[in-house]
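A look at the structure
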Amino acid sequence: MRMRWIEIMVGFFMVLGVLALLGLALNVSGLKLSAQQDDYTVHARFENIGGLTSRAKVTLSGVQIGEVKSIKIDTQRLVALVTMDIYSDIDYLSIDSSAKILTAGLLGEQYIGISVGFEEDSLKDGDYIDDTQSALVLEDLIGKFLFNKVNN
Amino acid sequence: MLNQFGSLGRAMLDRLAGIGRAGGVVWQSLVAKPTPVVMFPLLLKQIYFVGVLSLVIIIVSGLFIGMVLGLQGYTILVDYGSEQAVGQMVALSLVRELAPVVTALLFAGRAGSALTAEIGLMKATEQLSSLEMIGVDPLRRIVAPRLWAGFICMPVLAIIFAMVGIWGGALVSIEWLGIFEGSFWSNMQNSVDFSEDVLNGVIKAIVFGIVVTWIAVFQGYDCVPTSEGISQATTRTVVYSSLAVLALDFILTALMFGDL
């Protein structure tokens, strides 16, 4: 009887541990169970990425459609090369779409906003978005403002 | 002068011999032909004593630590208008640091000292020698199940600690301080990475479990078999495992998160 009780409690303990790990995986770290290879990747070159990091959101009209996979320097053109994972069900981004680096709130995190263009053909795996707009860097903005003031 | 040097050297040699004996205990008790039929009920019993009976202290302290983190994080972050980030702060500090470390310290105090005292008393009352007399290896029969139980229980307890702590933080910040629930969880999910943060925390917990159980079992097995010796061994277990956990935590953090 005592051994039975011990077995039940140990089983309960182990189940509790597994449930907690599942909770950490799904609820806390937001791990997605769906396969990753369904996503397709799109590249974009930016003059300046500001504070963009990998795993930042990629949005269309504010709705998340993917995330930033990696950020590297394009060694040929010496600009930032951002690789994005776009969810596979978003297959209607036209090839003349544009990408902007935006900021959530005044001091919030930075993310990429995609605006769709007018072409019939849509972006496929490995395509490049040519029309990009860099992050708004506060120092540049202030510098331009002061420069204009002096010129006036 | 020469005598002092001599005693210093002797103390160092004693330490080295102790480390050697500790390695021998683990080697002899764990590396052998597995005998699951005999071992499994013993292991279950030890998991019950080491893990299940530690659940209450782990859950209660996890809850309160999470709640304090939520409260402290809120009062600091609200000055910068970014109190939504409290979920991220609570989750990252719990999963990366506090869950493995605090669980290991509590585990050393709750389960490690009990293991040392139990094995030490067995040695003092000659139960270990009697086992040897009737042809049962005490390392296999007494020490091995306790080692395995500690290795298994410590990561499970740390995971439970982290989850309960995050719930405690969520309770304080969502229910009592009125942070918007969606941004609390989504901020957390955006910043916590499963392999980077959660799995590294679990690896830490596994390492701490091995170290704490090893120290506890060895101190019990190697103690001077008197009442005073047992009390000293129990103290040493708690002191050595706490120091080892804190020092190892720095090393593991530097390896995992810092670019040293």
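Here is a short report on the structure shown in this document. For every chain, the first residue of its written sequence is number 1, and the numbers climb from 1 along that sequence. Chains carry letters and ligands carry numbers; both start at the beginning, A for chains and 1 for ligands, and go up in the order they are written. A pLDDT threshold of at least 70 governs which residues receive local features in this predicted model, and a stricter bar of 80 or more applies before side-chain atom pairs are shown or counted, although totals over entire chains, interfaces and linings include all residues. Computation of side-chain values covers all heavy atoms of the structure but excludes hydrogens and water.

Taken together, the contact between chain B and chain A spans 29 residues of the former and 25 residues of the latter. As used here, buried area is the combined drop in accessible area, with a 1.4 Å probe, of two parts when they are placed together. With both chains or domains summed, chain B and chain A bury close to 2,400 Å², and 79% of this area falls on carbon and sulfur atoms. Should a side-chain nitrogen of Lys or Arg be within 4 Å of a carboxyl oxygen of Asp or Glu, the pair is scored as a salt bridge. Linking chain B to chain A there are zero salt bridges. Two N or O atoms form a polar contact when they lie within 3.5 Å of each other; inside protein one atom must be a possible hydrogen donor and the other a possible acceptor, and for residues adjacent in sequence the pair counts only when both atoms belong to side chains. Summed over the shared surface of chain B and chain A, the number is two residue pairs in polar contact (both at pLDDT 80 or more). Going through the elements one at a time, helix H2 (36-50), helix H4 (86-124), helix H6 (138-176), helix H7 (181-191) and helix H8 (194-221) of chain B are the ones with two or more residues in the side of chain B that touches chain A. Helix numbering and strand numbering both begin at the N terminus, where a helix is a DSSP run of H or I of at least 4 residues and a strand a DSSP run of E of at least 2. Of the residues forming the side of chain B that touches chain A, the biggest block, nine residues, is contributed by H6 of chain B. Here the nonpolar group is Ala, Val, Leu, Ile, Met, Phe, Trp, Tyr, Cys and Pro; Asp, Glu, Lys and Arg are the charged ones; every other residue, Gly included, is treated as polar. Considered class by class, the residues forming the side of chain B that touches chain A number 24 nonpolar, three polar and two charged. Only heavy atoms matter for contacts: two residues are in contact if any of them lie within 4.5 Å across the pair.

This brings us to the pairing of strand E2 (residues 57-60) of chain A. Residue and element names in this part refer to chain A. Any two strands with at least two DSSP bridges between them are considered paired. Pairing analysis gives four bridges linking E2 to strand E3 (residues 63-74), with the strands arranged antiparallel. Each residue of the ladder has a partner; that of Leu 60, found in E3, is Val 63. Hairpin remark: E2 followed by E3, antiparallel, with two residues in the connecting loop; positive phi at Ser 61, about 50°.

Our focus in this paragraph is the nonpolar core. For our purposes a nonpolar core is just a set of buried Ala, Val, Leu, Ile, Met, Phe, Trp, Tyr and Cys residues, chained together by side-chain atoms within 4.5 Å. The cut-offs for exposure are 20% and 50% of the maximum accessible area for each residue type, with area from a 1.4 Å probe on protein chains only; residues under the lower value are buried, those over the upper are exposed, and the others partly exposed. Judged by nonpolar contacts, the single largest core of 77 residues is most densely connected at Phe 13, Leu 24 and Val 28 of chain A together with Phe 107, Ile 166, Phe 184 and Met 188 of chain B. Of all the elements, H6 of chain B adds the most residues to this core, at 20 residues. Not counting residues up to four positions away in its chain, the partners in contact with Phe 107 of chain B are Val 50, Gly 112, Gly 150, Cys 153, Met 154, Leu 157, Val 212 and Thr 213 of chain B. Membership of the second largest hydrophobic core comes to 24 residues, among which are Val 42, Ile 49, Ala 56 and Ile 114 of chain A.

All names here are of chain B. For Met 122, the position within the fold is in helix H4. Given a relative accessible area of 13%, Met 122 falls into the buried group. In the structure, Met 122 is positioned 103 residues away from Pro 225 in sequence and 8.8 Å away in space, judged by C-alpha atoms. The contacts of Met 122, once residues within four sequence positions are left out, are Gln 127, Leu 128, Ile 142 and Arg 146.

Here the focus is the side chain of Asp 74 of chain A. Residues and elements named next belong to chain A. Topologically, Asp 74 is positioned in strand E3. With a relative accessible area of 9%, Asp 74 lands in the buried category. The contacts of Asp 74, once residues within four sequence positions are left out, are Arg 45, Val 79 and Leu 81.

On the surface, Val 15, Val 18, Leu 19, Leu 22, Leu 26 and Leu 31 of chain A cluster together to form a nonpolar patch covering roughly 520 Å² of accessible area. Note that Leu 31 of chain A resides in the loop between helix H1 (2-28) and strand E1 (40-46). Patches in this entry comprise residues that are over 30% relatively accessible and not in a salt bridge; like charges within 9 Å are linked, as are nonpolar side chains (Val, Leu, Ile, Met, Phe, Trp, Tyr) within 5 Å. Values of accessible area rely on a 1.4 Å probe in the Shrake-Rupley scheme; residue burial ignores everything except the protein chains shown.

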